[in-house]
Amino acid sequence: MASVEVRNLSRSFGTFKALDDVSISFEDGGFYALLGPSGSGKTTLLRLIAGFGYPDQGHIAIGGESVERVPLEKRNIGMVFQSYALFPNMNVFDNIAFGLDVRGVPREDAAREVRRALELVQLSELETRRPHQLSGGQRQRVALARAIVINPRVLLLDEPLGALDKALRLDMQVELKRIQREVGITTIFVTHDQEEALTMSDRIGILRAGQLVEEGAPEDIYRRPKTRFAATFLGEANIFEGIWTDGRLRLADGTLLETAPGAGRGATGEPGCCLIRPEQVRIAGENDGGTGNRLEGRITRRLFAGNWTTVFVDYQGKTIRVGQANTDFLKLEDGSKVTLAFSGSNTIPLQS
Ligand SMILES: Nc1ncnc2c1ncn2[C@@H]1O[C@H](COP(=O)(O)OP(=O)(O)O)[C@@H](O)[C@H]1O
Ligand SMILES: [Mg+2]
């Protein structure tokens with residue numbers, strides 16, 4: 001087990017910068033999600049940590065030891081890809097034992113390690129099956145066992161659940177988390193599924209065009225993102241644009257929005273934007289005076305989702321999403337005029 005330290009890492013393909021000066025720390029035993037659009041450099045970052053190729057610039061340390069010039073086979077890292085790449089002609093046991101054989105681990109020791117890994121992924125009964133006799137989820141577990149059996153210092157997972165259907169995916173999320181806790185291994189997990197990143201990880205890093213845009217605990221990034229990109233990439237977002245006026249944002253119609261303090265606030269006269277999450281917006285009742293931000297709008301559409309309704313409200317030609325818990329019986333109809341209320345402390349200034 002070990003921490004991973006990445007400093008000022010860059011990697012280009014021709015003139016294209018796939019990774020651009022990325023610095024990030026992965027703590028020992030933590031579960032990290034790397035999130036970002038397709039092509040943002042997630043796989044490139046994992047491959048450099050694993051040792052598939054070398055960076056153009058920057059440093060990588062594993063357990064405090066500099067590894068950017070250490071070849072892959074000496075880094076002792078376990079890796080699982082979206083395509084499992086099991087050996088089709090070998091059974092489950094031999095697939096898992098392969099990495100130990102390559103390392104010259106004696107047969108008896110190897111057998112013990114393989115059985116322990118099989119137990120961990122709960123596949124002990126299936127060790128003589130071939131990959132084609134397994135379900136997608138089971139193949140994925142074999143791949144995980146194969147990565148863990150070598151007792152790696154770090155586990156790198158590149159969209160390992162991407163090929164599974166929704167139900168299986170949710171099961172595997174729970175399984176993966178359990179296994180990671182049991183082994184206590186530092187894990188870096190690439191996903192493009194934001195919910196997966198929020199529920200599974202201790203910390204999230206968001207990549208965009210080869211750069212690390214933001215990094216932090218899931219709840220912090222969700223509730224108080226610093227950038228417009230992170231605010232809109234992670235979760236549903238209402239974004240207001242305007243001109244900064246003494247820490248408040250002046251909208252086009254002259255309304256002044258109170259905002260929370262933060263680096264995203266610009267100096268008076270500068271253009272800027274702020275975020276309010278749908279679940280932080282209330283539809284105010286008739287005698288509901290209240291303070292904070294208030295906007296008059298008109299309901300255009302409602303999406304009923306059982307415990308929750310998303311209400312779409314038109315405000316000056318802009319659609320605002322309101323998350324309404326279905327616990328009360330506010331009479332809401334399309335076309336009704338409503339007052340939206342939300343507090344300044346939940347209105348987060350954003351850097352663009
Ligand atoms: N070996 C390569 N040769 C040329 N371009 C590459 C290579 N590997 C990755 N890229 C490019 O680098 C960018 C980042 O790729 P990648 O790290 O795979 O993104 P992600 O995993 O976030 O989808 C993409 O535009 C991709 O086309
Ligand atoms: Mg990728």
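Along every chain, residues carry numbers that run from 1 in the direction the sequence is written. Numbering of ligands from 1 and lettering of chains from A proceed in the order in which they are written. Only residues with pLDDT of 70 or above have their local features reported here, since the model is predicted, and side-chain atom pairs are shown and tallied only from 80 upward, although totals for entire chains, interfaces and linings are computed over all residues. Side-chain metrics in this entry use all non-hydrogen atoms of the structure; hydrogen atoms and water are not considered.

Caption draft 1: Structural context of the domain arrangement of the chain. Residue ranges for the domains trace back to a domain assignment, done automatically or taken from a database. Assigned domains within the chain: domain 1 (4–223) and domain 2 (236–350). Each of domain 1 and domain 2 was reduced to a C-alpha centroid, and the two centroids are 40 Å apart.

Caption draft 2: A look at the nonpolar core. Among the buried residues, those of types Ala, Val, Leu, Ile, Met, Phe, Trp, Tyr and Cys that are joined through side-chain atoms within 4.5 Å form a nonpolar core. In this scheme, a residue with accessible area under 20% of its type's maximum is buried, one over 50% is exposed, and one in between is partly exposed, where area comes from a 1.4 Å probe on protein chains only. One finds Ile96, Val114 and Leu144 to be the most contacted residues of the largest nonpolar core, which totals 35 residues. To qualify as a helix, a DSSP run of H or I must reach at least 4 residues; to qualify as a strand, a run of E must reach at least 2; elements of each kind are numbered from the N terminus. For this core, the secondary-structure elements that each account for two or more residues are helix 2 (92–102), helix 3 (107–120), helix 4 (136–148), strand 7 (154–158) and helix 5 (166–183). Here the element with the most residues in this core is helix 4; it accounts for six residues. Not counting residues within four places of it along the chain, the set of residues in contact with Ile96 comprises Val114, Ala117, Leu118, Val142, Ala145, Arg146 and Val149. Listed in part, the 26 residues of the second largest apolar core include Val4, Leu46, Leu48 and Val190. Note on contacts: a residue pair qualifies if any of its non-hydrogen atoms lie within 4.5 Å across the two residues.

Caption draft 3: Here's a closer look at the pairing of strand 4 (residues 57–62). We treat two strands as partners when DSSP finds at least two bridges between them. Sheet topology note: the strand 1 (residues 4–13)/strand 4 ladder contains five bridges and is antiparallel. Within strand 4, the residue paired with Arg7 across the bridge is His59. Where strand 4 meets strand 5 (residues 65–66), two bridges bridge the pair, whose relative direction is antiparallel. Among the inter-strand pairings, Ala61 is bridged to a residue of strand 5, identified as Ser66. Turn length for the strand 4-strand 5 hairpin, with the two strands adjacent in sequence and antiparallel, is two residues, and the turn residue Gly63 shows positive phi of about 60°.

Caption draft 4: Geometry of helix 4. Under the convention used throughout, the expected extent of a helix is 1.5 Å for every residue step, that is, one less than its residue count. For helix 4, with 13 residues, the first-to-last C-alpha span of 19 Å sits near the 18 Å given by 1.5 Å per residue. Within helix 4, 10 of the 13 residues are buried, which leaves the element mostly enclosed by the surrounding structure. Among the residues of helix 4, those classed as buried are Gly137, Gln140, Arg141, Val142, Ala143, Leu144, Ala145, Arg146, Ala147 and Ile148. Where helix 4 is buried, its residues contact strand 6 (77–80), helix 2, helix 3, strand 7 and helix 5.

Caption draft 5: Main features of the pattern of salt bridges. Note on definitions: salt bridges are taken to be side-chain nitrogens of Lys or Arg within 4 Å of carboxyl oxygens of Asp or Glu. Scanning all chains against the criterion turns up 19 salt bridges. Taking the shortest distance from any N to any O, the salt bridge between Glu241 and Arg228 comes out at 2.7 Å. Taken together, the residues Glu241 in strand 11 (residues 238–245) and Arg228 in helix 8 (residues 228–233) connect sequence positions 13 residues apart. Using a relative accessible area of 51% as the deciding quantity, one classes Glu241 as exposed. By relative accessible area, Arg228 is classed as partly exposed at 29%.

Caption draft 6: Examining the sheet that holds strand 19 (residues 337–342) more closely. Strand order across the open sheet formed by five strands is 15-19-16-17-18, with antiparallel pairing between neighbours. Each end of this open sheet is capped by a strand with a single partner; those strands are strand 15 (282–284) and strand 18 (318–325). Each neighbouring strand pair of the sheet contributes to a mean axis angle of 50°, computed without reference to strand direction. Note on method: axes are straight lines fitted to C-alpha atoms, helices fitted across the in-contact stretch only, with angles between N-to-C directions ranging 0 to 180 degrees.

Caption draft 7: View of the environment of Thr268. Within the fold, Thr268 resides in the loop between strand 13 (256–257) and strand 14 (271–276). On the basis of relative accessibility, which here comes to 53%, the residue Thr268 falls in the exposed class. Between the alpha carbons of Thr268 and Thr245 there is a distance of 4.5 Å; along the sequence they are 23 residues apart. Setting aside anything within four residues of it in sequence, one finds Thr268 in contact with Trp244, Thr245 and Asp246. A polar atom in the side chain of Thr268 sits 3.0 Å from the backbone nitrogen of Asp246. Two N or O atoms form a polar contact when they lie within 3.5 Å of each other; inside protein one atom must be a possible hydrogen donor and the other a possible acceptor, and for residues adjacent in sequence the pair counts only when both atoms belong to side chains.

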